[in-house]
Structures are given as C-alpha cells and as structure tokens.
Amino acid sequence: MQAGNFVQVIEDRQGLKIGCIEEIAYRMGFITKQQLTDIAQPLLKSGYGQYLLKVADDKM
C-alpha cells in the first residue's frame, strides 16, 4: 500500500505517469504521433487517455 501511495504522490506532484509504456515507445521512436493518438482515443474519458494526448502534443 505504501508503494501505491508513493507512486500516486510522485505522479500528482510531477504530472508524469510512472511506467507509461505508450509514452516510452513514442519518445524512443517506436511509434508515431498518430499511433499514440490512435491509442489514446478509446481512453479519452480517463485521465490516462488525456495524458497520452498531452504527450502527443508535447505539452509535457
């Protein structure tokens, strides 16, 4: 439980997601901006999908 709380605090303070494989793949050039956006579309109602769109728009 402490580990989960720690991860949540870090994500909230830094505005980053820990272990976001889609973000890592995008930043390393394994997927394109369009592919990242396509992955985010079904997840738009969640904070995760919104986060992926921010990464695609380089607002991070």
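Small disclaimer: the values here were computed from a predicted structure and weren't measured. (Residues numbered from 1 in each chain as written. Predicted model: local features only at pLDDT ≥ 70, side-chain atom pairs only at ≥ 80, totals over all residues. Heavy atoms only, no water.)

Help me out: how do you make sense of the overall build of the protein chain in this one?
Scanning the protein chain from N- to C-terminus turns up four helices and zero strands. Counting from the amino terminus, helix and strand elements in the protein chain follow one another as α-α-α-α. When burial is assessed residue by residue, the protein chain has 23% of its 60 residues classed as buried. Within the protein chain, residue pairs in contact and separated by at least 24 positions form 39% of the contacts whose partners lie at least 6 positions apart. Surface exposure of the protein chain reaches about 4,500 Å², of which carbon and sulfur atoms provide 57%. (Helix = DSSP H or I, 4+ residues; strand = E, 2+ residues; numbered from the N terminus. Buried < 20%, exposed > 50% of the residue type's maximum accessible area, 1.4 Å probe, protein only. Contact = heavy atoms within 4.5 Å. Areas by Shrake-Rupley, 256 points an atom, 1.4 Å probe, with all protein chains shown as cover.)

No statement about biological role is implied by the geometric values presented.
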